[in-house]
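Listed below are the residues making up each chain.
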Amino acid sequence: MDKSVFSFVDKRLNAETAGQCLRWMVVGADGLALAVVSDTGKVWALQTWNFQGSPPGQSQHQIRMLLGQEPALQYTFAKSQWAWAEPQVTLVPRRLFNPDHLSDYFKILLRPGVSVEYLYESLPVFDCFLVYAIETSLFKLLPLHHSTIVSSTHLSVPLLQAFHHIADYTDHQVFVHFRFQSVQVAVFERRNLLFYNSFSFQHANDALYFVLLAYEQFKLNPLELPLVLSGNLLEDSEIFRLLRRYIRNIRFAPLPSSVQLPQSAVDLPSYYWFDVFSML
């Protein structure tokens, strides 16, 4: 069964007031997160569910149940954006991109026999396209809210744009975003994207390996170059303690200055919500 990690819904949010609010959702087989912001810029809803540990194929059923039962997922909003948080994603340089051969980019990434939908988006700031695949059974959930969704995207798009916005103009920078048991790693040099990949892991040592691999690949010293961290990782976790052991300076990605988190959200660090608010 799904696990509610955090749930805040302002009493002012209802079917009538939702029409003046904006909603952002991050959806994947591993979990779901949403944020609702009022027309005055106040966060009126902040919720996240973790599906890790559920039997294979059950996440679609759990998402469908939430879409049908959770009020903040049923209201009609002024604008709603849905971001897929699925691992089958790759960046293709613009000069090599061919929209007629999307499946070719995933020949070694997908399990045989899995039915998927292929999509892509342009990332002009990086002169490339992001190509991704969503399992068909999961993709079919999108039309359930299609009438209120202005756009859908892959989480990598707003994440990379948010990283680029806060990246250093003068040096390399390593960004790491955790989402339950997956980690997205990006390396920039003077705001130019050098590397981006998503990895799944089961153990803390594996997560550490993927982070340090980025440092090693670009000959960066983890004792000198800070790591910018965001996502579902708490400071009392084994992974964080390992990162602290090998990386001298860990910084936390800031939320947009316009975001005013509810007082009840102080139990979780602000960087925990970096992905859903990267869609602002």
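Before reading on, note that the structure itself is shown above.
In short, a report on the structure. Small disclaimer: the values here were computed from a predicted structure and weren't measured. (Residues numbered from 1 in each chain as written. Predicted model: local features only at pLDDT ≥ 70, side-chain atom pairs only at ≥ 80, totals over all residues. Heavy atoms only, no water.)

1. Notes on the sheet that holds strand 7 (residues 116-123)
Read across the sheet, three strands follow the order 6-8-7 without closing on themselves; strand pairing throughout is antiparallel. The strands lining the two open edges of the sheet, one partner per strand, are strand 6 (89-93) and strand 7. Taken pair by pair, the neighbouring strands of this sheet meet at an average axis angle of 25°, ignoring direction. Pairing analysis gives five bridges linking strand 6 to strand 8 (residues 128-135), with the strands arranged antiparallel. Its bridge partner being in strand 8, V89 is matched across the sheet by Y132. Strands in contact with helix 3 (residues 156-166) are strand 6, strand 7 and strand 8; relative to strand 7, the strand with the most contacts, it is inclined by about 25°. (Pairing = 2+ DSSP bridges. Helix = DSSP H or I, 4+ residues; strand = E, 2+ residues; numbered from the N terminus. Axes fitted to C-alpha atoms, helices over the stretch in contact; angles between N-to-C directions. Contact = heavy atoms within 4.5 Å.)

2. Digging into unusual backbone geometry
One non-glycine residue, D127, lies in positive phi territory at about 55°. Turning to its location among the elements, D127 is positioned in the loop between strand 7 and strand 8. For K219, which is not glycine, the phi torsion reads 55° and is therefore positive. With respect to the element layout, K219 can be found in the loop between helix 4 (204-217) and strand 13 (227-231). Take K219: its relative accessible area is 75%, and that puts it in the exposed class. (Buried < 20%, exposed > 50% of the residue type's maximum accessible area, 1.4 Å probe, protein only.)

3. A look at the packing of aromatic side chains
Per the counting criterion, the structure on display carries 20 aromatic pairs. An angle of 80° between the planes, with centres 5.5 Å apart, marks the rings of F175 and F188 as edge-to-face. Highlighted residues: F175 in strand 10 (residues 172-179) and F188 in strand 11 (residues 182-189), separated in sequence by 13 residues. As far as burial versus exposure is concerned, F175 and F188 are alike and both buried. When the ring of F199 is compared with that of F210, the centres are 4.3 Å apart and the planes differ by 5°; the resulting orientation is stacked. Here F199, found in strand 12 (residues 192-200), pairs with F210, found in helix 4; they are eleven residues apart in sequence, far enough to count as distant. Judged by relative accessible area, F199 falls into the buried class, the value being 14%. Within the aromatic cluster, the residues linked to one another by ring pairs are F126, F163, F175, F188 and F274. (Phe/Tyr/Trp six-rings, centres within 6.5 Å; stacked < 30°, edge-to-face > 60°.)

4. Here's the deal with the side chain of E121
By the element assignment, E121 lies in strand 7. Although E121 lies buried, it forms no salt bridge, and the closest oppositely charged side chain, R94, sits 11 Å away as judged by the N-O distance. Excluding its chain neighbours within four sequence positions, the residues that come into contact with E121 are C128, F129, L130, Y132, S152, T153, H154 and V157. (Lys, Arg positive; Asp, Glu negative; His and termini not counted. Salt bridge = Lys/Arg side-chain N within 4 Å of Asp/Glu carboxyl O.)

5. Thoughts on the environment of R244
By the element assignment, R244 lies in helix 5 (residues 238-246). Given the relative accessible area of 37%, R244 is considered partly exposed. In sequence terms R244 and L142 are 102 residues apart; their C-alpha atoms lie 39 Å from each other.

6. Re the sheet that holds strand 1 (residues 3-9)
Taken in spatial order, the six strands of this open sheet run 1-4-3-2-5-9, and their pairing is mixed. Two strands lie at the open edges of the sheet, namely strand 1 and strand 9 (151-154), each paired on one side alone. The average angle at which neighbouring strand axes cross in this sheet is 10°, direction not considered. Pairing of strand 1 with strand 4 (residues 43-50) involves six bridges; the strand directions are antiparallel. Of the residues in strand 4, the one forming a bridge with F8 is L46. Seen against the sheet, helix 1 (residues 58-69) touches strand 2 (22-28), strand 3 (31-37), strand 4 and strand 5 (79-84) and runs at an angle of roughly 160° to strand 2.

7. Concerning the pairing of strand 7
The pairing of strand 7 with strand 8 spans eight bridges and is antiparallel. Bridge pairing in strand 8 links Y118 to A133.

8. Observations concerning the pattern of salt bridges
Applying the stated rule across the entire model yields five salt bridges. Measuring nitrogen to oxygen at the nearest pair gives 3.2 Å for the salt bridge that ties D127 to R94. Of the two residues, D127 sits in the loop between strand 7 and strand 8 while R94 sits in the loop between strand 6 and strand 7, which places them 33 residues apart along the sequence. The shortest N-O distance in the salt bridge between R179 and D275 comes to 4.0 Å. Note that R179 is positioned in strand 10 and D275 in helix 6 (residues 274-277), a separation of 96 residues in sequence. In this structure R179 comes out as buried when scored by relative accessible area, which is 2%. Classification of D275 by relative accessible area gives buried; the value is 3%. One continuous salt-bridge network, built from bridges that share partners, spans D30, R179 and D275.

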